[in-house]
Amino acid sequence: MQRQAYVPGLAALAAALVLGLTGCSSGGGSGTGAVDSKAGPAAPAAPPGRYRTLFEPCGAVPQNTLRDLLPGAAQLPDEERIAVYRGAAAVTYDTDRRVGCSWKADTPDAMHRLRLDIERVVSYDPAVSDDDRAQEVFSHKQLAADLPQPTQPPPPAQPTQPTQAMQPTQSPASSSGNTGGSPGTSAAPGGGAQPPTPSGTQSPQQTPTGAPTTGLEPRVLQGLGQVAFLDDALSAGGANGRHRTVSVVFRTSNVVVTVEYVEQTTGSAEAPDSQELQEKALNLARLLSERLEE
């Protein structure tokens, strides 16, 4: 009897399980259909960058430009001079993503270094474009340069106050209460005299804080790529020398280019000229920007 009671119970349990699974599968199907019907179309992927490859950097700088940037190379023997102008390619894992090259030449009084770094930025987030990701890379470089804030212009001058001579002429009766006062004073309602009003003077303009600008300070650049900046740093170079590094960084679409030009003097030689180094670095940066437009 116990065995007969057990078998019907097991059958009932199996039937309940079958009904439950059937209900879940049917309900799940209707729920999935409801979610799919409410979901909108997938968001379009962000557009890719303009550039798919990079040019070879060591051959991108003309030899006459290298002669100007590396004056010490002209004094070397032919084989050494050719090796200097050839440059040394940077070691990278993917030349379609990042390339670089460097040159150096020394003279008895100075050392010159030139370095190029060219990065093609790719965004792996479909919602972020390559250009936007490249702008993030550029912004990080700009923040690291810690450019000084632009000088604030002085506030506008205050309007001039009317002179006493322009005030209406007082009657003798009213002026009698002003006896003994200094010229140009007017009677106050309480009988006292007010101080004279300045005659046609303006409040002095406030001068901007900080040292006067020379136009050679680290700064944001216009007319180079889509965004650009220049950094200029002077430091001690050892053995009483001076070390100046000028960096020009610009972005065009999804490519970020860095030009770094260094001059270090030795002994009692004067500090490297900021204007000369900046002009040479900027000329090379413009040449590379034109190369990207080809």
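Everything quoted here is computed from the prediction, not taken from an experiment. (Residues numbered from 1 in each chain as written. Predicted model: local features only at pLDDT ≥ 70, side-chain atom pairs only at ≥ 80, totals over all residues. Heavy atoms only, no water.)

A. How the structure looks around the state of the cysteines. Using the criterion set out here, one finds one disulfide in the structure. Through a disulfide, Cys58 is tied to Cys101; the S-S separation comes to 2.0 Å. The sign of the 105° torsion about the S-S bond sets the Cys58-Cys101 disulfide as right-handed. In this pair, Cys58 is assigned in the loop between helix H1 (2-38) and helix H2 (63-69) and Cys101 in strand S2 (residues 98-106), connecting sequence segments 43 residues apart. The pair formed by Cys58 and Cys101 is uniform in burial state, with each residue classed as buried. (Disulfide = S-S within 2.5 Å. Helix = DSSP H or I, 4+ residues; strand = E, 2+ residues; numbered from the N terminus. Buried < 20%, exposed > 50% of the residue type's maximum accessible area, 1.4 Å probe, protein only.)

B. View of helix H4 (residues 130-145). In this model H4 runs 23 Å from its N-terminal to its C-terminal C-alpha over 16 residues, within 8% of the 22 Å that 1.5 Å per residue would give. Of the residues trailing H4, Asp146 is marked for its positive phi of about 55°. (Expected span 1.5 Å × (residues − 1).)

C. Main features of the side chain of Ser253. Among the secondary structure elements, Ser253 is positioned in the loop between strand S6 (241-252) and strand S7 (255-265). Within the structure, Ser253 has its side chain in polar contact with the backbone nitrogen of Arg50 (distance 3.1 Å). Looking at Ser253, its side chain comes within polar contact range of the side chain of Asp131, at 2.9 Å. In contact with Ser253, other than residues within four places in its own chain, are Gly49, Arg50, Tyr51, Asp131, Ala134 and Gln226. (Polar contact = N/O pair within 3.5 Å; in protein donor to acceptor, adjacent residues only side chain to side chain. Contact = heavy atoms within 4.5 Å.)

D. Molecular detail of the environment of Glu56. Counting through the fold element by element, Glu56 comes out in the loop between H1 and H2. Note on Glu56: relative accessible area 45%, which makes it partly exposed. Sequence separation between Glu56 and Gly100 is 44 residues; the distance between their C-alpha atoms is 8.2 Å. Within the local environment of Glu56, its side chain forms a polar contact with the backbone nitrogen of Cys58, the two atoms lying 3.0 Å apart.

E. Up close: the nonpolar core. Val248, Val259 and Leu288 are the most contacted members of the largest nonpolar core, which has 37 residues in total. Counting only elements with at least two residues in this core, the list comes to H2, helix H3 (78-86), S2, strand S3 (110-120), strand S5 (227-238), S6, S7 and helix H6 (274-292). Broken down by element, this core gets its largest block of residues, seven residues, from H6. Those residues in contact with Leu288 that lie beyond four places of it in its chain are Phe55, Ala60, Leu116, Phe250, Val257 and Val259. (Core = buried A, V, L, I, M, F, W, Y, C linked by side-chain atoms within 4.5 Å.)

F. Structural view of the side chain of Glu263. With respect to the secondary-structure elements, Glu263 resides in strand S7. The side chain of Glu263 sits in the buried core without any salt bridge; Lys280 is the nearest counter-charge, 6.4 Å away. Polar side-chain contacts of Glu263 include one of 3.5 Å to the side chain of His112. Residues contacting Glu263, with those up to four places away along its chain left out, are Ala110, Met111, His112, Arg242, His243, Arg244, Pro272 and Leu277. (Lys, Arg positive; Asp, Glu negative; His and termini not counted. Salt bridge = Lys/Arg side-chain N within 4 Å of Asp/Glu carboxyl O.)

Honestly, it's all geometry; don't read function into it.
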